[in-house]
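The lines below spell out each chain.
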Amino acid sequence: MTSVRVIGRGRAGRSLATALGRAGWGLGGVLGREDDVREAATGVDLLVIAVPDDSVADVARGVTPVRSTVVAHMAGSLGLDVLDPHPRRAAVHPLASLPSPELGAERLRGAWFAIAGDHLIESVVSSLEGRSFTVTDRQRAAYHAAAAISSNHLVALLAQVERIAASVDVPFEAYLDLARATVENVAALGAVEALTGPAARGDEATIARHIDALPPDERQLYETLAEACRKLAAWKS
């Protein structure tokens, strides 16, 4: 039985530990800030460091290396160099939203994972029936930026929709249905062909009316994305 221990009691670490436990891995515990992690790599096949990105290197240096143990991190933007001095290193970043440990464990099954380093990390993906791709150290920051845009920035954008919808007494759920259909259009056609709306047809008068109708503190985001739509429309023409 392959065994794993996790350092980090946040949503990501507990989600992964729960998911792997359900998949039949032996669990060596989930350690937190108050625990002594010096011997954390002892007695397990895989040690996963699931702490904030800025803390990964410090935590890794505090763990005594074990030649047979793979030490991995879950930081999407970091390379393998932060895992010095461990001889077997890996990275596994789930391209999934993990809002809570319980729901996160469910989301990890069948998810996409960005991996790098030791081949043992591939067994994490296969155990969770997921799919993976390799991201080099040089590519990781850009990869993670795209992940933030596709998830975090989308949430911020939909929050703006929610605010404006409330101001005109329109159900937010109606806009969510539109957003879901738009994502399906992008999946089917690609972003360029899926673009519709005033920027796609060069209707600057409508865009101006939109800006005038919005509260001043909502205009900057709209204007920035309208300009992005204009550029995308130029690719289409």
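Scroll up to find the structure.
Remember, it's a predicted structure, so these values are computed and weren't measured experimentally. Every chain begins its residue count from 1, and numbering advances along the sequence as written. Predicted model: local features are reported for residues with pLDDT of at least 70 only, side-chain atom pairs are reported and counted for 80 or more only, and whole-chain, interface and lining totals are derived from all residues. Heavy atoms throughout the structure, all of them, feed into the side-chain values; hydrogens and water do not.

## With respect to the sheet that holds strand 7 (residues 131-134)
Read across the sheet, seven strands follow the order 2-1-3-4-5-6-7 without closing on themselves; strand pairing throughout is mixed. Each having just a single partner strand, strand 2 (26-31) and strand 7 make up the two edges of the open sheet. Between one strand axis and the next, the sheet turns through 25° on average, direction left out of account. Pairing between strand 1 (residues 3-7) and strand 2: four bridges, direction parallel. Opposite Val-4, over in strand 2, you have Leu-27 as the bridge partner. Where helix 1 (residues 11-22) meets the sheet, it contacts strand 1, strand 2 and strand 3 (46-49), and its direction lies at approximately 165° from that of strand 2. Only strands that DSSP links by at least two bridges are regarded as paired with each other. The secondary structure listing takes helices from DSSP runs of H or I that are at least 4 residues long and strands from runs of E that are at least 2 residues long, numbered from the N terminus. An axis is simply a line fitted to the C-alpha atoms; with a helix, the fit covers only the stretch in contact. Between two such axes, the angle follows the N-to-C directions and lies from 0 to 180 degrees. Any two residues having at least one pair of non-hydrogen atoms within 4.5 Å are treated as being in contact.

## Brief notes about the pairing of strand 3
The side-chain alternation of strand 3 yields two buried faces, one formed by Leu-46 and Val-48 and the other by Leu-47 and Ile-49. Two strands pair when backbone bridges link them, and strand 1 and strand 3 are joined in this way by four bridges, in the parallel orientation. By the bridge assignment for strand 3, Val-6 is matched with Val-48. For strand 3 and strand 4 (residues 70-73), the ladder comprises four bridges, and the chain directions are parallel. In the sheet register, Leu-46 faces strand 4, and the bridge partner there is Val-70. Taken together, strand 3, helix 2 (residues 56-61) and strand 4 constitute a β-α-β crossover, and its handedness is right-handed. Classification of residues uses two cut-offs on accessible area relative to the type maximum, computed with a 1.4 Å probe and protein chains only: under 20% is buried, over 50% is exposed, and between them is partly exposed. Place the viewer so that the strands point away; then a crossover is right-handed whenever the path from the first strand over the helix to the second strand goes clockwise.

## Quick notes on the packing of helix 1 against helix 3 (residues 101-108)
In the contact formed by helix 1 and helix 3, the axes pass within 8 Å of each other and the chain directions differ by 60°. In terms of orientation, helix 1 lies oblique with respect to helix 3. For helix 1 against helix 3, the interelement crossing comes out right-handed. Contacts between helix 1 and helix 3 involve Arg-11, Arg-14, Ser-15, Leu-16, Thr-18, Ala-19 and Arg-22 from the former and Pro-101, Glu-102, Gly-104, Ala-105, Glu-106 and Leu-108 from the latter. Considering only residue class, the contact of helix 1 with helix 3 consists of five nonpolar, three polar and five charged. Note that the term roughly parallel is reserved for angles under 35 degrees, roughly antiparallel for angles over 145, roughly perpendicular for angles of 65 to 115, and oblique for everything else. The handedness criterion is simple: a crossing whose near helix is rotated anticlockwise from the far helix by less than a right angle is left-handed, and one whose near helix is rotated clockwise is right-handed. Three classes are used, and their members are as follows: Ala, Val, Leu, Ile, Met, Phe, Trp, Tyr, Cys and Pro are nonpolar, Asp, Glu, Lys and Arg are charged, and the others, Gly among them, are polar.

## So, helix 5 (residues 140-167)
Counted at 1.5 Å a residue, the expected span for helix 5 with its 28 residues is 40 Å, and the 40 Å between its end C-alpha atoms agrees. The principal kink in helix 5, of about 35°, is found at Ile-149. Along helix 5, the residues that are buried comprise Arg-140, Tyr-143, Ala-147, Ala-148, Gln-160 and Ala-165. Its buried side turned inward, helix 5 meets strand 4, strand 5 (89-94), strand 6 (112-117), strand 7, helix 6 (172-189) and helix 9 (216-236). Multiplying 1.5 Å by the helix residue count minus one yields the expected span of that helix. Note on bend: the value at a residue is the angle between axes fitted to the seven residues ending there and to the seven starting there.

## Notes on unusual backbone geometry
A negative phi angle characterises most non-glycine residues, just as the trans form characterises most peptide bonds. A cis amide bond links Asp-84 to the next residue, Pro-85, at an omega of 10°. Looking at where Pro-85 falls in the secondary structure, it is placed in the loop between strand 4 and strand 5. Here Asp-169, not a glycine, exhibits a phi torsion of approximately 60°, which is positive. You can see Asp-169 is positioned in the loop between helix 5 and helix 6.

## Focus: the pattern of salt bridges
Note on definitions: salt bridges are taken to be side-chain nitrogens of Lys or Arg within 4 Å of carboxyl oxygens of Asp or Glu. One pass over the full model with this rule turns up 13 salt bridges. Salt-bridge contacts for Asp-35 lead to Arg-9; the nearest nitrogen and oxygen are separated by 3.1 Å. Within this pair, whereas Asp-35 is found in the loop between strand 2 and strand 3, its partner Arg-9 is found in the loop between strand 1 and helix 1, the two being separated by 26 residues in sequence. Among the residues examined, Arg-9 registers a relative accessible area of 40% and is labelled partly exposed. Glu-204 serves as the salt-bridge partner of Arg-230, at 2.9 Å between the closest nitrogen and oxygen. Highlighted residues: Arg-230 in helix 9 and Glu-204 in helix 8 (residues 204-213), separated in sequence by 26 residues.

## Section: a nonpolar patch on the surface
Put simply, a patch holds well-exposed residues, over 30% relative accessible area, that have no salt bridge, with like charges counted together within 9 Å and Val, Leu, Ile, Met, Phe, Trp or Tyr side chains within 5 Å. What sets the accessible areas is the Shrake-Rupley method with a 1.4 Å probe; for residues, cover comes only from the shown protein chains. A cluster of nonpolar side chains, namely Leu-154, Leu-157, Leu-221 and Leu-225, defines an oily patch on the protein surface of about 280 Å² accessible area. Sorting the residues of the nonpolar patch by element identifies helix 5 and helix 9 as the ones contributing at least two each. Mapped onto the secondary structure, Leu-154 falls in helix 5. Owing to a relative accessible area of 38%, Leu-154 belongs among the partly exposed residues under this scheme.

## Some words on the packing of helix 8 against helix 9
Between helix 8 and helix 9, the least distance of the axes is 10 Å, while the angle of their chain directions is 165°. Considering their axes alone, helix 8 and helix 9 lie roughly antiparallel with respect to each other. For the crossing formed where helix 8 meets helix 9, the hand is right-handed. Facing helix 8, whose interface residues are Glu-204, Ile-207, His-210, Ile-211 and Asp-212, helix 9 presents Arg-219, Tyr-222, Glu-223, Ala-226 and Arg-230. Tallied by class, residues from the contact of helix 8 with helix 9 come to four nonpolar, one polar and five charged.

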